[in-house]
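Structural overview
Okay, here's what each chain looks like letter by letter:
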Amino acid sequence: MAPDLSNILAGRLTLVQLVVADLVASHICKQSSTPVQVNISAQSSTPFSFIDAPPLPATPSLATCSAYACVLAELEPKPSYTEDTFEVIGCEVASANAWPWQVSLQYKSGGTFYHTCGGTLVRKGWVMTAAHCVHSSRTWQVVLGDHDLYSHSGREQFKKVSRVIIHPRWNPIDVYNGYDIALLQLDSEATLNSYVQLATLPPSGQILPNNYPCYQTGWSRLSPGGSLNSKLMQAFLLLVDHQTCTRPDWWGSNVKATMVCAGGPVDCKCANDSGAPLTCQVNGQYYAYGISCLMPFSSCNILTKPRLFTRVSAYIQWMDSIMN
């Protein structure tokens, strides 16, 4: 299933080390800026099993030189892959159904449903996503157990959304005010199996430390308004603590206490699926720690502009008051 992050905790990098890594990586990456095509073969047909990090390749290949990727590649756990050939951009195609709480949020247009955001199955009849994904009035559905948006495997469950509940303090005019969270009630409950599972919510108020390793998943766009990666992607990120992320030369006052920042060896082409979960492993248990927020695409791949997420642990009481 999802990569085991526990073995990375002992090798956390400090912010100073990341800056040094950025300088070293910039030099190394100049040596090889040509996109590399990698042939990846399936390693296992087992749909739902935890996987310890497999051996890393001896020399990491880079297509777009993320500032950290050259140096951190040796620390990054590699998942098992689906059979595919793609350009390495600092993230990978996830193993099929490796993140079984991941959902595709889709809107209806002209009789067809289209993917627009990610989401997280948190109860059998409830999905968590970003408020900015659903603030407009549309006909919505979510797809559970999906991996390839353009090819159905028979594992998918299609659920209509019967109710959209946006946090009352969300303001689409002031997206940096926070509260970018919404709950979607499904018209029928999900059937849990090897491909569809509930995410575990973090304890209320939980704040993980700086450089804590996590994964973002989603079907991301290659550019604003561009085409989607049809297969679910996963990106390795390191949390950035609030004190660092709110520095004037970072995100400053745009980051509220109810948000979390995360960056690392990943091209933003892989990590811009709004509403998608940020998943962190704590004591062997995976938690849906964050929800991908709305942020400028132009800020991608900048050390001092890590990705922004709604911190789920800040909203546990609000969510419980609705779902219970």
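A brief look at the structure comes next. Predicted model, so just to flag it, every value in this text is computed and none were measured.

Within strand 11 (residues 233-240), eight of the eight residues are buried, which leaves the element mostly enclosed by the surrounding structure. Side chains Met-233, Ala-235, Leu-237 and Leu-239 of strand 11 all project onto a buried face; the interleaved residues Gln-234, Phe-236, Leu-238 and Val-240 project onto the opposite face, where all are buried too. Alignment of strand 10 (residues 213-218) against strand 11, held across six bridges, turns out to be antiparallel. Among the inter-strand pairings, Cys-214 is bridged to a residue of strand 11, identified as Leu-237. Two elements, strand 11 and strand 12 (residues 259-263), share three bridges in a ladder whose sense is antiparallel. By the bridge assignment, Leu-238 is partnered in strand 12 with Gly-263.

Here we come to the side chain of Ser-274. On the secondary structure map, Ser-274 appears in the loop between strand 12 and strand 13 (277-282). According to the relative accessible area criterion, Ser-274 is buried, its value standing at 15%. Within the local environment of Ser-274, its side chain forms a polar contact with the side chain of His-132, the two groups lying 2.9 Å apart. Residues within four places of Ser-274 in sequence aside, it is in contact with Cys-117, Gly-118, His-132, Cys-133, Ser-292 and Cys-293.

Met-128 and Met-319 are the most contacted members of the largest nonpolar core, which totals 49 residues. Those residues in contact with Met-128 that sit more than four places away from it in its chain are Gly-119, Thr-120, Val-122, Ile-181, Ala-182, Leu-183, Leu-201, Gly-275, Ala-288, Ile-291, Val-312 and Met-319. By size, the runner-up hydrophobic cluster in this structure holds 13 residues, among which are Leu-239, Ala-262, Leu-278 and Val-282.

This brings us to the pairing of strand 9 (residues 182-186). Most of strand 9 is tucked away: four of the five residues are buried. With four bridges connecting them, strand 6 (residues 126-129) and strand 9 associate as antiparallel partners. Bridge pairing in strand 9 links Thr-129 to Ala-182.

Read around the closed barrel, the six strands follow the order 4-5-6-9-8-7; overall the barrel is antiparallel. Ignoring strand direction, the axes of neighbouring strands in this sheet form an average angle of 45°. Strands strand 5 (112-123), strand 6, strand 8 (157-166) and strand 9 of the sheet are contacted by helix 5 (residues 316-323), whose axis makes an angle of about 25° with strand 9.

It is worth spelling out the packing of aromatic side chains at this point. This model, assessed by the stated rule, comprises eight aromatic pairs. Arranged with centres 6.1 Å apart and planes meeting at 75°, the rings of Trp-99 and Trp-101 form a pair that is edge-to-face. A residue is classified by how much of its surface remains accessible, and Trp-101, at 7% relative accessible area, is buried. Arranged with centres 6.0 Å apart and planes meeting at 90°, the rings of Trp-99 and Tyr-286 form a pair that is edge-to-face. One end of the pair, Trp-99, is in the loop between strand 3 (92-93) and strand 4 (102-109); the other, Tyr-286, is in strand 14 (residues 285-292), with 187 residues separating them in the sequence. For Tyr-286, a relative accessible area of 5% translates into the label buried.

Under the definition given, this model contains two salt bridges. Here Arg-123 and Asp-320 are joined by a salt bridge, their closest N and O atoms 3.5 Å apart. Remark: Asp-320 occurs in helix 5 and Arg-123 occurs in strand 5; sequence separation between them is 197 residues. The class for Arg-123 is partly exposed, based on a relative accessible area of 26%. Arg-247 serves as the salt-bridge partner of Asp-249, at 3.0 Å between the closest nitrogen and oxygen. Relative accessible area serves as the criterion here: at 42%, Asp-249 is assigned to the partly exposed category. Residue Arg-247 is classed as partly exposed on the basis of its relative accessible area, which comes to 33%.

Rules of the game
- Residues numbered from 1 in each chain as written.
- Predicted model: local features only at pLDDT ≥ 70, side-chain atom pairs only at ≥ 80, totals over all residues.
- Heavy atoms only, no water.
- Buried < 20%, exposed > 50% of the residue type's maximum accessible area, 1.4 Å probe, protein only.
- Helix = DSSP H or I, 4+ residues; strand = E, 2+ residues; numbered from the N terminus.
- Pairing = 2+ DSSP bridges.
- Polar contact = N/O pair within 3.5 Å; in protein donor to acceptor, adjacent residues only side chain to side chain.
- Contact = heavy atoms within 4.5 Å.
- Core = buried A, V, L, I, M, F, W, Y, C linked by side-chain atoms within 4.5 Å.
- Axes fitted to C-alpha atoms, helices over the stretch in contact; angles between N-to-C directions.
- Phe/Tyr/Trp six-rings, centres within 6.5 Å; stacked < 30°, edge-to-face > 60°.
- Salt bridge = Lys/Arg side-chain N within 4 Å of Asp/Glu carboxyl O.

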